[in-house]
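# Structural features, examined
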Amino acid sequence: MEDAEILKILYMQNPWWEGKAAQAPEKKRGEFHLLKKTLEEKQITAILGPRRVGKSVLMQQLINDLLETGVPPKRILFAQLDEPRLEGEKGLLITRILEAYYSSILGKSPIDQVDKVFVFLDEVQNVGKWAESLKGYYDRNYNIKFTVSGSSSAGITRGSSESLAGRVNLQLILTLKFADYLMFKGITAPHFQQQIKSALDDDNPELLWASLKKSSIDLAPSQQKIETLLGEYMVKGGYIELLDKDNYSRNLQYLKDLLQLVIYKDLVKVFGIRNPKNMEDLLLFLANHSGELFSEASTASKLGMKNQTISEYIGYLENIYLVSASRIYAANRSKQIRNPRKIYISDSGLRNALNGTYSPKALTDGKDAGLMAETVVHSHLLHLAFYLDSYNAKCYYSKNGNEVDNILQYSKKAVPIEVKYQNSINSEDALGCAKFMKENKSPFGIIITKNRLDFRGNIFYIPLWHFLLIC
């Protein structure tokens, strides 16, 4: 491909070079403000997340913000790397784009460019050896801030852990968190990520408790509306395109179409799956057993597939963020590998679309509402773990006499988090948390309830809607 053709594509993707703004909504989810801060850092920012969650929109919003703060338009480059016309360039693509940009748009070489340049590369995993390309520019200390995005976990993390070790700041973007869902619906609610981090860092749960008590009072006038929106969120899920769409039949079709796109474009094309129907069957099975202990052998027998195939397929689904897996909390890796994992569908709306519960009526079934709650809690804990420490904070489960749904590990501290989405909580409901806390010297534990807010015996009892604001 000639430089002229590359530039033609870049002009289409960078309308601000010709005095136009980036096309992006004004309302911004919470992660925007975290990403904005990263623009001041030298480290490469890598935005990870599944398809259709708004990674590209966040990039466009960051670009508009830079333009509003006075950054000259031509010092901002955006390249959408899954553009079909660019596919032929393979591993040379990023280098070709940057060379064309510097020579024809800036009229300078990178070494002569004194003022900072902001480069946004969307769906970077589509380019072979992308990490090596960026490493060359990064290590020469050119005044460039790179922000990249990708919908393949392995495609991004492998590059960041090998060629770009220590040079990348990972940011996870999943479907909308409940706090952002409320914000888009006109309810401003506080976030408590920093409070739980301080409580963990200082071994002082009272810091978190003080914030929870205050916010409970402040949000009391809006609580009924918040609880109504929680039910809507649990059924619809967090895909931003469905935010203001109340036709559940059309929403369901959207999610089914999205699954078909992911299966046939990402999984078949990228991983070379020969029988997509097997993947569909596995996804349906996982949706009906989301949050349960998972056995490759048992699942393979039920679906008429090989153990190895099941294991590989789970890895592919994790890679593109359709599912997440938690291992047992254990001191050694071998014990974790020997024990079954828990597999969760990444979004409650996707889960409901797959298993036939995509309807507000599903909330009247206490058991199914509880399963939705477990799915929502797990996805929010993934957000929280990334916020606390994107490389080292993890989510596990515990099964040592009394099972605990989730264990949040951060900075050598383990917090048991049990979901009890029900109207009444008794002393037996706290046994698993209490036992785990004693055995592992946890700073505190959390039991997620339907309506109880309390703190006793170093265990928080927090309503689901309130807990989601922590994440």
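Up top is the structure.
One structure accompanies this document, and this report is about it. (Residues numbered from 1 in each chain as written. Predicted model: local features only at pLDDT ≥ 70, side-chain atom pairs only at ≥ 80, totals over all residues. Heavy atoms only, no water.)

### As for the overall build of the protein
Test applied: The helix count covers DSSP runs of H or I at least four residues long, the strand count covers runs of E at least two residues long, and both are numbered beginning at the N terminus. Only C-alpha atoms enter the radius of gyration, while the globule expectation follows 2.2 Å times N to the 0.38, with N the number of residues. Under the scheme applied here, a residue whose accessible area is under 20% of the maximum for its type counts as buried, over 50% as exposed, and between as partly exposed, the area being computed with a 1.4 Å probe on protein chains only. A contact between two residues is defined here by any heavy atoms of the two lying within 4.5 Å.
Regarding its fold elements, the protein presents 19 helices and 14 strands. Taking 23 Å as the expected radius of gyration for a compact globule of 471 residues, we find that the protein reaches 23 Å, a close match to that expectation. Overall, the C-alpha framework of the protein stretches about 70 × 55 × 50 Å when taken along its three principal axes. Relative to its full complement of 471 residues, the protein shows a buried share of 55%. Looking at the protein alone, contacts between residues at least 24 apart form 71% of all its contacts between residues at least 6 apart.

### As for the packing of aromatic side chains
Worth spelling out the cut-off: We call Phe, Tyr and Trp rings a pair once their centres come within 6.5 Å, taking the six-membered ring for Trp, and we label the pair stacked below 30 degrees between planes, edge-to-face above 60, and tilted otherwise.
Considering all chains together, one arrives at 16 aromatic pairs under this definition. Their ring planes at 20° and their centres at 5.9 Å tell us that tryptophan 17 and tyrosine 101 sit as a pair that is stacked. With tryptophan 17 in the loop between helix H1 (3–13) and helix H2 (31–38) and tyrosine 101 in helix H4 (residues 93–106), the pair connects residues that are 84 residues apart, well separated along the chain. Each member of the pair, tryptophan 17 as well as tyrosine 101, carries the same accessibility label: buried.

### Some remarks on the nonpolar core
Worth spelling out the cut-off: Here the nonpolar core consists of buried residues drawn from Ala, Val, Leu, Ile, Met, Phe, Trp, Tyr and Cys, with membership extended through side-chain atoms lying within 4.5 Å.
One finds Phe120, Leu121, Trp130, Phe178, Ile446 and Phe467 to be the most contacted residues of the largest nonpolar core, which totals 148 residues. Residues within four places of isoleucine 446 in sequence aside, it is in contact with Ile196, Val415, Pro416, Ile417, Glu418, Cys433, Phe460, Ile462 and Phe467. Listed in part, the seven residues of the second largest apolar core include Ile425, Cys433, Met437 and Ile447.

### Thoughts on the packing of helix H12 (residues 276–288) against helix H14 (residues 307–319)
Two quantities define a packed helix pair, namely the angle between the helix axes and the distance between the axes. For clarity, the cut-off: Lines are fitted to the C-alpha atoms to define the axes, a helix being fitted only along its stretch in contact, and any angle between axes, read from their N-to-C directions, falls within 0 to 180 degrees. Oblique is the label for any angle not under 35 degrees, not over 145, and not in the 65 to 115 range, which are roughly parallel, roughly antiparallel and roughly perpendicular in turn. Gly is placed with the polar residues, together with every amino acid not listed as nonpolar (Ala, Val, Leu, Ile, Met, Phe, Trp, Tyr, Cys and Pro) or charged (Asp, Glu, Lys and Arg).
It is at 11 Å that the axes of H12 and H14 come closest, and there the two elements cross at 75°. Our classification of the angle between H12 and H14 gives roughly perpendicular. Residues Asn278, Met279, Leu282, Leu283 and Leu286 of H12 touch H14, and the partners they reach there are Ile310, Tyr313, Ile314, Tyr316 and Leu317. Here the contact of H12 with H14 is built from residues that sort into nine nonpolar, one polar and no charged.

### Things to note about the sheet that holds strand E2 (residues 76–80)
Convention followed: We treat two strands as partners when DSSP finds at least two bridges between them.
As summarised here, the arrangement of the five strands in space is E2-E3-E4-E1-E5, forming an open sheet in which the pairing is parallel. Only two strands of the sheet have a single partner each, and these edge strands are E2 and strand E5 (168–172). With strand direction ignored, the average angle separating the axes of adjacent strands in the sheet is 15°. With four bridges connecting them, strand E1 (residues 44–48) and strand E4 (residues 144–150) associate as parallel partners. Across the sheet, the residue bridging to leucine 48 is glycine 150, located in E4.

### Here we look at the pairing of strand E12 (residues 445–449)
Within E12, five of the five residues are buried, which leaves the element mostly enclosed by the surrounding structure. Burial along E12 is two-sided: Gly445, Ile447 and Thr449 facing one way and Ile446 and Ile448 facing the other are all buried. As paired elements, strand E11 (residues 413–419) and E12 share three bridges and run parallel to each other. Paired with isoleucine 417 across the strands is isoleucine 446, a residue of E12.

### Comments concerning the sheet that holds strand E8 (residues 341–345)
In sheet architecture, strand pairing relies on hydrogen bonds along the backbone and comes in two forms, parallel and antiparallel. Taken together, the nine strands give an open sheet; going across it, the order is E6-E8-E7-E9-E10-E11-E12-E14-E13, and neighbouring strands pair in mixed fashion. The outermost strands of the open sheet, each flanked by one partner alone, are strand E6 (293–294) and strand E13 (454–456). By the bridge criterion, six bridges tie strand E9 (residues 394–400) to strand E10 (residues 402–410) in an arrangement that is antiparallel. Counted as the bridge partner of cysteine 395 is leucine 408 from E10. Where H14 meets the sheet, its contacts fall on E6, strand E7 (323–328) and E8, and the angle it forms with E7 comes to roughly 115°. Against the sheet, helix H17 (residues 366–388) touches E7, E8, E9, E10, E11 and E12, its axis set at about 25° to E10.

### Digging into the environment of lysine 42
Cut-off, in case you're wondering: Pairing of N or O atoms within 3.5 Å defines a polar contact, subject to two protein rules: one partner must be a possible hydrogen donor and the other a possible acceptor, and residues neighboring in sequence count only if both atoms are side-chain atoms.
Relative to the helices and strands, lysine 42 resides in the loop between H2 and E1. Residues lysine 42 and lysine 28, 14 residues apart in the sequence, show an inter-C-alpha distance of 24 Å. Excluding residues within four positions of it along the chain, lysine 42 makes contact with Tyr138 and Asn141. Among the polar contacts listed, one links the side chain of lysine 42 to the side chain of asparagine 141, at a separation of 3.5 Å.

### Let's talk about unusual backbone geometry
At arginine 52, a residue that is not glycine, the phi angle is positive and equals roughly 65°. Position of arginine 52 relative to the elements: it lies in the loop between E1 and helix H3 (55–68). For arginine 52, a relative accessible area of 37% translates into the label partly exposed.

### Side note on the pattern of salt bridges
Put simply, the test is: The term salt bridge refers to a side-chain nitrogen of Lys or Arg lying within 4 Å of a carboxyl oxygen of Asp or Glu.
Within this structure, the stated rule accounts for 23 salt bridges. Measuring nitrogen to oxygen at the nearest pair gives 3.4 Å for the salt bridge that ties aspartate 65 to lysine 36. Placement of aspartate 65 in helix H3 and of lysine 36 in helix H2 is noted, with a sequence separation of 29 residues between them. The partly exposed category is assigned to lysine 36, whose relative accessible area is 36%. Here lysine 277 makes a salt bridge to aspartate 281, at a shortest N to O gap of 2.8 Å. Taken together, the residues lysine 277 and aspartate 281, both in helix H12 and four residues apart, mark about one turn of the helix.

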